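Residue-level structural notes
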Amino acid sequence: MLKECVVCGTEFPCGPGQITCGPKCRDVRARAKRREYKNRVRSENPEKYRAQKREEKRRRMAREREATAGLRAEMAARREREKLELAASKVRHCIVCGNSFPAKNNVKTCSEDCWLERLREVRARPLRKLDPAVRKAKKREYYYQYHAKRAAALELINDIKEKGIEALL
Ligand SMILES: [Zn+2]
Ligand SMILES: [Zn+2]
């Protein structure tokens, strides 16, 4: 018995449950069915439709990630290797002690000690720029301030020793 394919209309020998003439038309028909189903969900249940879309996208992305994972790992490894090679090929000289060290952006000293030394130097700079007489006066001022504070603290301690907690009242 012959039957007409629902997709292309070609006549074909009828098998059990078969409504298309071959794999090509079967695929066309399956795609159309899927599209129809999606459209129905979209109009009847927009929330479900959006959820399905999200799930589809998630699966697609996961497939893509899987397909490119090896390639990306390889590229990352190469970048890392190149970075290391570049770092090893460049050296810089410490501005404090002159030792050489692997160059890094914005790093000018070879070690923490040199960095601290440099920090002290930079901090002392504003004072050094001053006129020697003014600098001397400033230093003396700092000195007096320090000793005045120290003397006041010692006095308070003595008072507390003599008068007890009354000294603070
Ligand atoms: Zn057909
Ligand atoms: Zn150094």
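Residues numbered from 1 in each chain as written. Chains lettered and ligands numbered in written order. Predicted model: local features only at pLDDT ≥ 70, side-chain atom pairs only at ≥ 80, totals over all residues.

Glancing now at the overall build of the protein. Along its length, the protein carries four helices and four strands. Scanning the protein from its N terminus toward the C terminus, one meets helices and strands in the order β-β-α-α-β-β-α-α. C-alpha extents for the protein along the principal axes are approximately 120 × 60 × 30 Å. Relative to its full complement of 169 residues, the protein shows a buried share of 1%. Here the analysis covers contacts within the protein between residues at least 6 apart in sequence; of these, 0% occur between residues at least 24 apart. (Helix = DSSP H or I, 4+ residues; strand = E, 2+ residues; numbered from the N terminus. Buried ≥ 20, exposed ≤ 12 C-beta atoms within 10 Å, placed from the backbone. Contact = placed C-beta atoms within 7 Å.)

A word on the domain arrangement of the protein. According to the domain assignment, the protein consists of domain 1 (1–44), domain 2 (46–89), domain 3 (92–124) and domain 4 (132–168). Summarising the inter-unit geometry, the C-alpha centres of domain 1 and domain 4 are found 99 Å apart. (Domains from an automatic or database assignment.)

This part covers helix α2 (residues 46–89). An α-helical segment advances 3.6 residues per turn. Residues three or four places apart therefore align on the same side. Here α2 is 44 residues long and its end C-alpha atoms lie 59 Å apart, about the 64 Å a rise of 1.5 Å per residue gives. Largest kink in α2: about 50°, centred on Thr68. Within α2, only zero of the 44 residues are buried, which leaves it mostly out in the open. (Expected span 1.5 Å × (residues − 1). Bend = angle between axes of the 7 residues up to and from the residue.)

Time to look at helix α3 (residues 112–129). Helix length check: α3 (18 residues) gives 26 Å between terminal C-alpha atoms against 26 Å at 1.5 Å per residue, within 8%. A bend of about 30° at Arg123 is the largest found in α3, and the proline Pro126 appears one to four places after it. In terms of burial, α3 is largely open, as just zero of its 18 residues are buried.

Okay, the environment of Arg59 next. Among the secondary structure elements, Arg59 is positioned in helix α2. By C-beta crowding, Arg59 is classed as exposed, having 10 other C-beta atoms within 10 Å. Sequence separation between Arg59 and Val122 is 63 residues; the distance between their C-alpha atoms is 57 Å.

Inspection of the secondary structure assignment puts Asn99 in the loop between β3 (91–93) and β4 (100–102). Residues Asn99 and Cys110 lie eleven residues apart in sequence; the distance between their C-alpha atoms is 6.8 Å. Look past the residues within four positions of Asn99 in its chain and what remains in contact with it is Cys94 and Cys110.

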